[in-house]
Structures are given as structure tokens and as C-alpha cells.
There are 2 protein chains.
Amino acid sequence: MKNHRNEHTRERILDEAEALFALKGYHAVSIREITGAARCNLAAVNYHFGNKQNLYLEVYRQRWLPRAERVRQSFQNSIKTTPVPSADTVVHSLARAFLDGPLSNEARRRHLRLIVGELCQPTEAFELVVERVFRPLLGSLIADLRTAMPVDVDEEQAILNAFSIMAMVLYFNLSHPLIKSVLGTSSDNDLKTRLVDHLVEFSLNGIAGGNRGSDK
Amino acid sequence: MKNHRNEHTRERILDEAEALFALKGYHAVSIREITGAARCNLAAVNYHFGNKQNLYLEVYRQRWLPRAERVRQSFQNSIKTTPVPSADTVVHSLARAFLDGPLSNEARRRHLRLIVGELCQPTEAFELVVERVFRPLLGSLIADLRTAMPVDVDEEQAILNAFSIMAMVLYFNLSHPLIKSVLGTSSDNDLKTRLVDHLVEFSLNGIAGGNRGSDK
DNA sequence: ATTCGTTTGATACGAACGTTTGAATTGTCA
DNA sequence: TGACAATTCAAACGTTCGTATCAAACGAAT
């Protein structure tokens, strides 16, 4: 039924659309810009996806979601090496999965920009990001952290801990250039590794502190 | 020279433009939408500000920047109550200045959305945000934290600590609805206070941990 | 080779965009 | 009051946007 070239066109459009949406945001990208980058006709978007909004959603469904799944798998595989992972292992696995995981630098940048884009200006894709990825990830993160910690941490504390970790993961990606700018040009080598190390250490202490001391 | 109504119009445009830019982003807001909300003529934007891009910049220069200054003042005043503030005081003052400070809830949401907007999709206003506000704030934050801590924390560690704190401050504002959604409807009262408390505690432990243990 | 469903292509539509214009209106000061 | 600059207004500009149309090109099966 399906021939080869239409799939190629469809895939090319998805690729270029994702790159451009991640780079400039939905409204700053025109269909002509996408089809120009994909070297196909203007009408191809409306033929394959109906309209611009649905192309945007398909980018999340067919590009972003599978990648989010890869990140999740990378995270799960890392912590499943030990039967009862320590909090250290959990946080380190999460940080590495997001900041140094299965994605290339470019893919990772796109991936997290699409997340933050929906966080800043929610559209229809927001529900997909939250319900299909964010909430499950947060749930397993909390569960994994719980098994590695005493039970005297209440649910809200655990949730806020998980949010704090995610905050740093997202932010360190988002403003990676800014961080590099502030740190100066002196130490560019293996910055990513040191960022991960800092994030893990900072988070672990934050969690442990939240566990030990009940109130400030 | 200047009469009254033009200033009124100019100010109304700035107010409505800021609200709309913060809510929907630059490209998703049209001049007609702004002038409609400000109840003035379409051409008023081009008369008072030249063009849309410059209106956007003026929003940052004349609305955002003064508010950033108020937040900074609130932060500085809080920590200047004691001659040598503790790290606890510094972080708590910062968190309160941003999350519970001199701004109303609405003004704070706008303020931080304009920050994150420039972080996600930098325009000309990015330099203003970074150089005039972000870098000075980060500098004084690091300096204040340093005086409250032993000197065996290297510069990079201190910078990353400050970034981590800012990450949580920004993120807790950005995804406040999401956090409320995940936490459930059970505990809505004084959530902001508990968020600040969590942020302070998490950060302080993160900093202290970075101070005590040199490597993971 | 012919047919038929699928995909591509060139082109055009109406709407909305940012911007400009020039005439009316307003406020200010001689 | 009259003159003059500052501001507002309605209307239009040219451009670009998302979308629709329809014929041409293509691939696969009869």
C-alpha cells in the first residue's frame, strides 16, 4: 500500500518540524519554513497532518514520546542493576539518563526544550507530556527513593524532593549556555560530568536533609 | 510638554503588553490584541514605541527591570538585618523575595514568565535579563553564601549551588499549577509557605553537603 | 498497458499580520 | 483666541500566514 517516498516526506517533515519548534517555538515557525527545510511542497503538511496544530501534536506523539520512553528505559535499566537501589543510585541514574543518557546532545536539547515549551505555554501536547511521561516518571522516582529511605518522610516531602530534582535537571539543560557563560571559559572540559555530579550531590543532600531534620 | 492622556495610553499599552507577552509569548500576541486590551488605537503602538519588537523591549526596560530591582531590594533588605547573615538567612531571604516577596501573585507570575521566556527563546531582552539582573544577583548570592560558609568551597561549586537554588525558584513558580495537581487537592492551604520551606531546606542541605563532602 | 488510489506540485484564496499614512482631535502656550 | 505641536483615529498598505484546490506524477495491482 504505502510507497517509500511519502514516508520519507512525512518523516522529513516531522524531523524538521521538531527541530524548528524546539528552536523557535510554535508560533515563530511557519509551515513554509518547515516544508522548505524538509525540501517538500507546502501542501505536504496539510496532506500528511491536516493542519499545523496537528503536525505539532504529531511531533510530540511520534518523536518526543518515543524519546521520552528511551530516557525512561535508560533510567530504569540503570537502577535495576541492584535489587534495592540506594538513593544515590536513583538520583545518579536519573541525572545521567537526562543529562548524559541515550540521547545525543542535540536530541537532548530538543527533547527538553519541547518539555519546557509546554510547561511555559501549555497547548494540547501538555496533557501528553504530563500524563504519559511526567507523572509516571515522578511516581516511579518517588517510589524508588522511598525504598531507599526511612519511612518517616511524608508523601508531600517526597513529591517536592522529586520536583526539586527535576527542576535542576530541566534548568541545567535549559540554561547550559548561561551556566557556561557565568562559569567562564576557564573550565570547559567535562563540564557535563561535573554538572551531573553537582546535581546528584546537591539533590542527595537535599533529600537526606529533608529526611533527617523535620523542620527548619 | 507632555499631556496626560498620552502617558495614560503609553502606560496602558505597556501594562497590557506585559500581561499578554507573559501569558502567550511574543509571537502569539498581536498588536491588535494589545491595543484592543488597552482600549486605544492600533497605531498607538507604532506611535509610542516605533514597532512591536521595541514595545517588547520597553516592557522589559520599564516594567520588568524595576520589578526585578524591587525583588533584589527585598532580598538585600532581608539579609542586611544581621551583619553577617547565615546561609540559612540568605537562602530563606532569596526564596521569600522571589516566591513570597514584594510582588503580588499575578505580578510575580508575570515577572518570572518573562524571565523564563527569555531563557527559552532569547531575544534582545536576554542580555538585559542576564547582565543587569541575573549576573549581579548571582554574584551577590554567591558572595553572601561564601561569608556564611567555610572557604574550602571552590568558586565553581559556589556558582553551581547558586544556580541550583535559582533553578528551584524559577521552576516552582513556572510549574506551580503542575505541582498543585500532583500534590492533589488535599493540601491547598499555605502551599506557598511550604514550598518556600522545602526549597530553603533542600537548598541548605545541598549547599552544606557540597561543603562537607568533597566528592560523592 | 491500463486502471486506480496515493502522493506531490504549482497556484490561489481569504484572513491576519506589522506597519504606514494623513486627516482629525486634543492639549498647551503665545 | 489663534497657532502649533502632540496625540488619536480610521483606513489602507504590502506581506505573510494557514489552508484549499486541482491537475500532474507516481506506485502497485489487474
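Residues numbered from 1 in each chain as written. Chains lettered and ligands numbered in written order. Predicted model: local features only at pLDDT ≥ 70, side-chain atom pairs only at ≥ 80, totals over all residues. Heavy atoms only, no water.

Asker: I keep staring at unusual backbone geometry and nothing clicks. Help me out?
Answerer: Apart from glycine, the bulk of residues carry a negative phi angle, and the bulk of peptide bonds sit in the trans form. One non-glycine residue, A:Arg39, adopts positive backbone phi at about 55°. Since its relative accessible area comes to 64%, A:Arg39 is described here as exposed. (Buried < 20%, exposed > 50% of the residue type's maximum accessible area, 1.4 Å probe, protein only.)

Asker: Teacher, can you tell me more about the interface of chain A and chain B here?
Answerer: Where interface size is quoted, it is often the accessible area lost as the parts come together. If you look at the interface, chain A gives 56 residues, while chain B gives 56 residues. Summed over both partners, the interface of chain A with chain B comes to about 4,500 Å²; 65% of that surface belongs to carbon and sulfur atoms. The interface formed by chain A and chain B contains two salt bridges. Between B:Arg194 and A:Glu156 there is a salt bridge, with its nearest N and O atoms 2.6 Å apart. Linking chain A to chain B there are ten residue pairs in polar contact (both at pLDDT 80 or more). Of all the secondary structure elements, the ones that give two or more residues to the side of chain A that touches chain B are helix H1 (4-24), helix H5 (87-99), helix H6 (105-120), helix H7 (125-147), helix H8 (155-174), helix H9 (176-183) and helix H10 (191-212) of chain A. Here the side of chain A that touches chain B gets 15 residues from one element, more than from any other, and that element is H8(A). (Contact = heavy atoms within 4.5 Å. Buried area = accessible area lost by both parts, 1.4 Å probe. Salt bridge = Lys/Arg side-chain N within 4 Å of Asp/Glu carboxyl O. Polar contact = N/O pair within 3.5 Å; in protein donor to acceptor, adjacent residues only side chain to side chain. Helix = DSSP H or I, 4+ residues; strand = E, 2+ residues; numbered from the N terminus.)

Asker: How should I be thinking about the domain arrangement of chain A in this particular structure?
Answerer: All names here are of chain A. Per the domain assignment, the segments of chain A are domain 1 (1-50) and domain 2 (57-207). Each partner contributes to the interface: domain 1 provides eleven residues, whereas domain 2 provides nine residues. Taken together, the two surfaces of domain 1 and domain 2 that pack against each other cover about 920 Å², and 55% of this comes from carbon and sulfur. Three residues stand out in domain 1 for area buried against domain 2, namely Leu-14, Glu-18 and Ala-22, and they jointly supply 60% of the buried area on that side. One can count four salt bridges joining domain 1 with domain 2. Note that Asp-15 and Arg-63 form a salt bridge whose closest N and O atoms lie 2.7 Å from each other. Counting every contact that joins domain 1 to domain 2 gives five residue pairs in polar contact (both at pLDDT 80 or more). (Domains from an automatic or database assignment.)

Asker: Teacher, can you tell me more about the packing of aromatic side chains here?
Answerer: Summed over all chains, the structure comprises 15 aromatic pairs over all chains. Judged by centre distance (6.2 Å) and plane angle (40°), the ring pair of A:Phe163 and B:Tyr171 falls under tilted. A residue pair is termed interchain when its members come from two chains, as with A:Phe163 in helix H8 and B:Tyr171 in helix H8 (residues 155-174). Look at A:Phe163 and you get buried, because its relative accessible area is 0%. Here a set of aromatic residues connected by ring pairs shows up, and it is made of A:Phe21, A:Tyr26, A:Tyr56, A:Tyr60 and A:Trp64. In this structure, A:Lys52 packs its charged tip against the face of A:Tyr26, placed 4.4 Å from the ring centre. (Phe/Tyr/Trp six-rings, centres within 6.5 Å; stacked < 30°, edge-to-face > 60°. Lys NZ or Arg CZ within 6 Å of the ring centre and 35° of its normal.)

Asker: For this particular structure, what's the right way to read the packing of helix H4 (residues 52-79) of chain A against H7(A)?
Answerer: Helix packing for two helices is described by the angle between their axes and how far apart those axes are. Residue and element names in this part refer to chain A. It is at 10 Å that the axes of H4 and H7 come closest, and there the two elements cross at 5°. By the criterion of interaxial angle, the relationship of H4 to H7 is roughly parallel. In this structure, H4 uses Tyr-56, Leu-57, Tyr-60, Arg-61, Trp-64, Leu-65, Ala-68, Phe-75, Gln-76 and Ile-79 to contact H7, whose residues at the interface are Ala-125, Leu-128, Val-129, Arg-132, Val-133, Leu-137, Ser-140, Leu-141 and Asp-144. Its residues assigned to classes, the contact of H4 with H7 comprises 14 nonpolar, two polar and three charged. (Axes fitted to C-alpha atoms, helices over the stretch in contact; angles between N-to-C directions. Parallel < 35°, antiparallel > 145°, perpendicular 65-115°, else oblique. Nonpolar A, V, L, I, M, F, W, Y, C, P; charged D, E, K, R; others polar.)

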